[in-house]
Amino acid sequence: MLNQLTISELTAKLAKREVSSRAATQACLDQIARVDGQVHAFLNHDAADALAQADAADKAIAAGATHAQQPLLGVPIAVKDVIAVKGQPLTCGSKILGKFISPYDATVTEKLRAAGAIVFGRLNMDEFAMGSSTENSAFGVTRNPWDTARIPGGSSGGSAAAVAADECIATLGSDTGGSVRQPAANCGCVGLKPTYGRVSRYGLVAFASSLDQIGPLTKDVRDAATMLKVISGHDQRDSTSLPEAVPDFSASLGHSIKGMKLGLPKEYMIGGLDPEVKLAVEAAVAQLTKLGAEIVEISLPHTDYAVATYYIIATAEASANLARFDGIRYGARVDGADPIELYSKTRGAGFGAEVKRRIILGTYVLSSGYHDAYYLRAQKVRTLIRQDFLKAFEQVDAIVAPTTPTAAFKIGEKSEDPLQLYLGDIFTLSCNLAGICGISVPCGFTKSPKLPIGLQLLGRPMGEATLLRVAHAYEQGTGWHQEKSPLARG
Amino acid sequence: MEYEAVIGLETHVQLKTKSKMWCGCANQYGAEPNTNVCPVCLGLPGVLPVPNDEALRLTVLTGFLLNCEIPRFAKFDRKSYFYPDMPKNYQITQYDKPSTANGFVEFEFNGSGSTDGRSRVRITRAHLEEDVGKSTHFERNSGLDFNRAGVPLMEIVSEPDITSADMAYEYLNALKEILVQGGVSDCDMEKGQVRCDVNVSVRPVGTKELGAKIEIKNMNSFSGVRRALDYEIPRQIEAVKRGEKLIQSTRRWDDVAGITEQMRTKEDAHDYRYFPDPDLMPSAPDEAWIASVKSRVVELPEARKQRLMREYQLPAGDAEVFKSNVELGNYFEGIAKQAKNPKAVANWVINNLQARIAEVSMFMMVEPGFNQTQMGFFGLDDLKFKPEAILELVNLVESKAISHSAAQQVFAEMFDTGKSPALIVQEKGLAQVSDTGAIEKFCDEAIAANPNPVADYKAGKLAALNSLKGQVMKLSKGKANPALVGEILERKLKS
C-alpha cells in the first residue's frame, strides 16, 4: 500500500523506479475514496490534476531528476485550506470566502512545487484556524481516524487526520497556538512548529500574524526534517521572515543525544493533566534518560499568564486581519442598503460563532480606554514569557513537556465551553508567544479507548536541528509512530 | 470682544515613487481602473506588505527639508475602519513613532503672526502611510478603482500656528514648493496628489485656551482651503458671539455653495484601535542610510532666494523668479559667478531667454501633430548656444562694443543658430560705431532731412531730440553709440 509509506520510503522506491508517482498518488486517491467519507479530512481535491502532476514527476524521474535535487519529487502532499495554491479554492473553513479561488501561490506552495511534490487537496480546519477540534469548520467536522466519534484536534485537524488515515504521505498545517502540534498528538503523527520567521507566511491567510507559522505533519521525524528543509528560508515577500541559512536538518538525525540537557518545566505538571498522559510523558522522559540525556527541572514562571496573554494578542491581531472579509471585492456577499448594512449582513452570515467571538474579543482589547489594560499589558507579559524560555535555554538544550493535557475528546463534548477548550492549549501556546520552535511526537496511547498521546519538545529560536535530533533519537527507541490507526489499517 | 482663529493643517502628499508602498505595482495616475493592482494591494487573503524603501527615504528627506528630527526608531501601525475603497479595512500608518517629527517651515507672509514679512509654522510630524482606492458613485451602484490603493502617502501635520486663511494659503504654497523642489512629490492638485484636512477653532484674543476644534475634511485645493477658512472663521466667531457653544466636530466644504456643513460630532467619532502592524518590522535606519538620504537634501526655496539676493545683489523680483524656476536659477548661477554685473545677466536670462523659450513652446503647442503628453518639450536643455554665450553678450554690451538694440539682434540670431555673439557681430557688422567723424556725418544728414524736429528743439521742445536720435540710429543701422549721438546732436543744434 503505497499510501502508507513515509516520504523517505516512497522516494527510495521512486528513485529505484520500483514504483511510480502515479501509482503512489492513485493509492492516496483510493484511500481518500475509501475512508474520507468517515474522516472528512479533505474539503476537496482534484484527482485529475494530482495524477497529471504525478505523471510529470514520473517523466522527470525517467529523465534523470533526482531526490537530491528535488527531495519531494513525486510525493503527494496535501495542504491545509489556509495556504494559497494557485487555481485552487481557498476557504479557510469559512463560508465568507464563498467560491474564492486563489490567483496566486503561497511561498511554501512554490517551494513544494520546486521540490517536486504533488500538491493536491484542501484539508479541513477550524474556521480561520480558530479552534482546537476542527469542529469550527463551516464545512463539517473532521473525525479522528483512531476513533471517529472523537475530534482530530485542531485547527489543522484535516492535516493530522489525513496523515493518520494514510490519505496522503505528508501534509502542511499552520500553528498559531498549537494548531499543528496538538492535532498531531491527537492523531498520532509528528507535527512541527518552526521558529517564528523560519518559514515564509506569504500566502498563509493570517489568523494572528505575530504567532502564525506553517509547519509539516508527517508519519515520522525524518519526514518532518525533509519537509522543513523544503519549506524554510528567507522570503523577501515576508518582512518577518528571518535571513538565517537553512541547515540540512536530516543530517542532524541519527546522532546520539548523550550528554544533552533536557528541561522539564515544573509548571507543566498541573492538576488538569490526564493521568495516562502524565504516565506516558514520564515514560518518555525515562526513555530519554536511558538514551543518555540529562533531565533537569526548570521553571517557566509566567506559564500561568500564557492563556490570557495569548487570547488577547491573537484576537487583537485577528480582529484586524479578518476585517478584509467584507463582501466587497471577493467572497460571499449579502447585499445591504448601504456599505455598513452590507458588511453587517455579509459578516453576520459568513463568519461562524467562534470567529465572531474572537473578533469581538480582539476589538474590545484594542478599544480606546481598554487598549493599555489589555493589549499593551499582554505584550509586556509576552516579553516575560519569551524571557522565561530564553533563560531556560541557557541551562538546557531542549524542553520536554506534554503536548496536550488529555487525549482526543468526543465531538461535541466541549463545544459549549470555549474557556475549557482554550485551557487545552496551555502547553502549546507559550511556544508561539515566545517565537521558539516545537515538535510533537507520538509517545504512547491511552488504554481504552486506544488514543494517541503526544510528547512535546521545545527548542531554542532556530534550534530545529537539535529538536529533530532529540525527537528522532526518542522515536528510534520506541515503536509508537509505526502504529497505524484503524482507518489506515483498513 | 475680539476673536482670533487658531488653525492647524494636516496635509497628505502622494510620494514620487515608481512603485506602490507595499507591492511592485506602478504608482501611476490615469491608468484604466484596476490595472495597477495585484494580490497585495487588493488585500487578497494571505498576502503581506513589504515596505518601499524609497518611500521611507522620501519621508526622511522631507524631515530634513522641514528642519525635523529624524528618530532612530519608527514603526507602522494598523488604523482600523471599514470603507469600501480600503482593501484591508485597516490602513497601515505610523501612529506614535513617525519617521520624522518636530520641525518648521518658514515662508514670506505679511500679516498677523509675521515679523519682517516672514512667518514660521512648526511641524509636529511627517509620517508615512498608504493611500486608499477611489469610489465612483453611479445612479444605481458604485464602482471601485484600486489603482491608487497602496500608493505611498505622507501626512504632514502642522502645529496650530496659523492664524488666518491667507496665512494657511501661503503656508501650503511654501510647503508645496519645498516638496516639489526637494523631489519628494509632484504635488499635482489635478491628480489629487495633495489633500488637506483643516483644523480650526476660535478664541478671544489674548486667551491661551483653545476653542472646540472643528475639522474640515478632504480639501483638494489650496484656494479651497482659503475660501473654506474665510467662511468658517467668521461663522465660528459669530456663533460664539451669539453665545452658542461650539462642539468638537467634523465638517465638509461645499465648494459650489461656498459653505461648510457638519458631518459628524465627537460622539460618533471612529475608534481606530491602533496597534503595531505585526507584518512589518520597525524601521531602525542606520547612520549610513540616513547620511545617504541627507545627501539628497536640496537648498530650500526661501533660503535660495535670500542667498541669490545676497550673493548676486539681485532685486527680490529676480530672485523670486529663480526661486520658483529652479532650472532657470541654476542656469543663471552657472554663468553669474563669472559675471562682473550679475544683474545684467539676470535681465537677459529672465527678460529674453525665459520669454523666448515660452514663445517657442507656445508655438510648438499650436503646431499640428503636437503631442500634449510631452510636456517640457522645449527647455534649457534644447538651447543651441552655450550658457557662456549669454555672458559674452552681456560683456559686449557692457564694454560698449555693441549697442542694446544690436544686442537684441545678436540674441535672436544666437537663439536661432547657436552661433557665438562675436561671430554674429562680425558677420552682421553690428559693432558699435564710436567714430565721431562717422556719427557727425549721420547727424548732419538727420538734421538736414528733418527740419520740423529741429525747429521744435530749437523752440525749446527738448524731447524732439529723441526723434532725431532715432533717425541717426536708423541711418547707422543701430550701430552708432547712442551716448555719442546725443552729445553730437546737442552740440550741433545749439551752435
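The shown structure was predicted, so the numbers you read here are calculated from the model rather than taken from an experiment.

Rules used in this analysis
- Residues numbered from 1 in each chain as written.
- Chains lettered and ligands numbered in written order.
- Predicted model: local features only at pLDDT ≥ 70, side-chain atom pairs only at ≥ 80, totals over all residues.
- Heavy atoms only, no water.
- Domains from an automatic or database assignment.
- Buried < 20%, exposed > 50% of the residue type's maximum accessible area, 1.4 Å probe, protein only.
- Helix = DSSP H or I, 4+ residues; strand = E, 2+ residues; numbered from the N terminus.
- Pairing = 2+ DSSP bridges.
- Polar contact = N/O pair within 3.5 Å; in protein donor to acceptor, adjacent residues only side chain to side chain.
- Contact = heavy atoms within 4.5 Å.
- Core = buried A, V, L, I, M, F, W, Y, C linked by side-chain atoms within 4.5 Å.

1. Examining the domain arrangement of chain B
A common way to express how large an interface is: the accessible area buried when the components associate. Examined at the domain level, chain B breaks down into domain 1 (3-292), domain 2 (309-424) and domain 3 (436-494). Using C-alpha coordinates to define each centre, domain 1 of chain B is positioned 39 Å away from domain 2 of chain B.

2. Describing the pairing of strand E6 (residues 213-218) of chain A
Residues and elements named next belong to chain A. Of all six residues making up E6, six are buried, and the element is well covered by its neighbours. A two-sided burial pattern is seen for E6, the buried positions comprising Gln213, Gly215 and Leu217 on one face and Ile214, Pro216 and Thr218 on the other. Sheet analysis places strand E4 (residues 170-175) next to E6, joined by five bridges and oriented antiparallel. The residue bridging Ser174 from the neighbouring strand is Ile214, located in E6. Pairing of strand E5 (residues 190-193) with E6, which is carried by two bridges, proceeds in the antiparallel orientation. Directly across from Gly191, in E6, lies its bridge partner Leu217.

3. Overview of the environment of Leu462 of chain B
Residues and elements named next belong to chain B. On the secondary structure map, Leu462 appears in the loop between helix H13 (451-458) and helix H14 (464-475). According to the relative accessible area criterion, Leu462 is exposed, its value standing at 58%. Along the chain, Leu462 and Glu490 lie 28 residues apart, while their C-alpha atoms are 9.8 Å from each other.

4. Some thoughts on the side chain of Thr171 of chain A
All names here are of chain A. If you trace the backbone, Thr171 turns up in strand E4. Among the polar contacts listed, one links the side chain of Thr171 to the backbone oxygen of Ser159, at a separation of 2.9 Å. Sequence-distant contacts of Thr171, that is, excluding residues within four places in its chain, are made with Ile77, Ala78, Leu123, Ser159, Ala162, Val163, Gly215, Pro216, Leu217 and Met227.

5. Points about the nonpolar core
Counting 211 residues, the largest nonpolar core has Leu112, Phe128 and Phe389 of chain A together with Ile156 and Tyr171 of chain B as the members making the most contacts within it. It is helix H9 (residues 306-321) of chain A that contributes the most residues to this core, ten residues altogether. In this structure, Tyr171 of chain B is in contact with Leu9, Thr11, Val105, Phe107, Val121, Ile123, Ile156, Ser158 and Ile162 of chain B, ignoring residues within four places of it in sequence.

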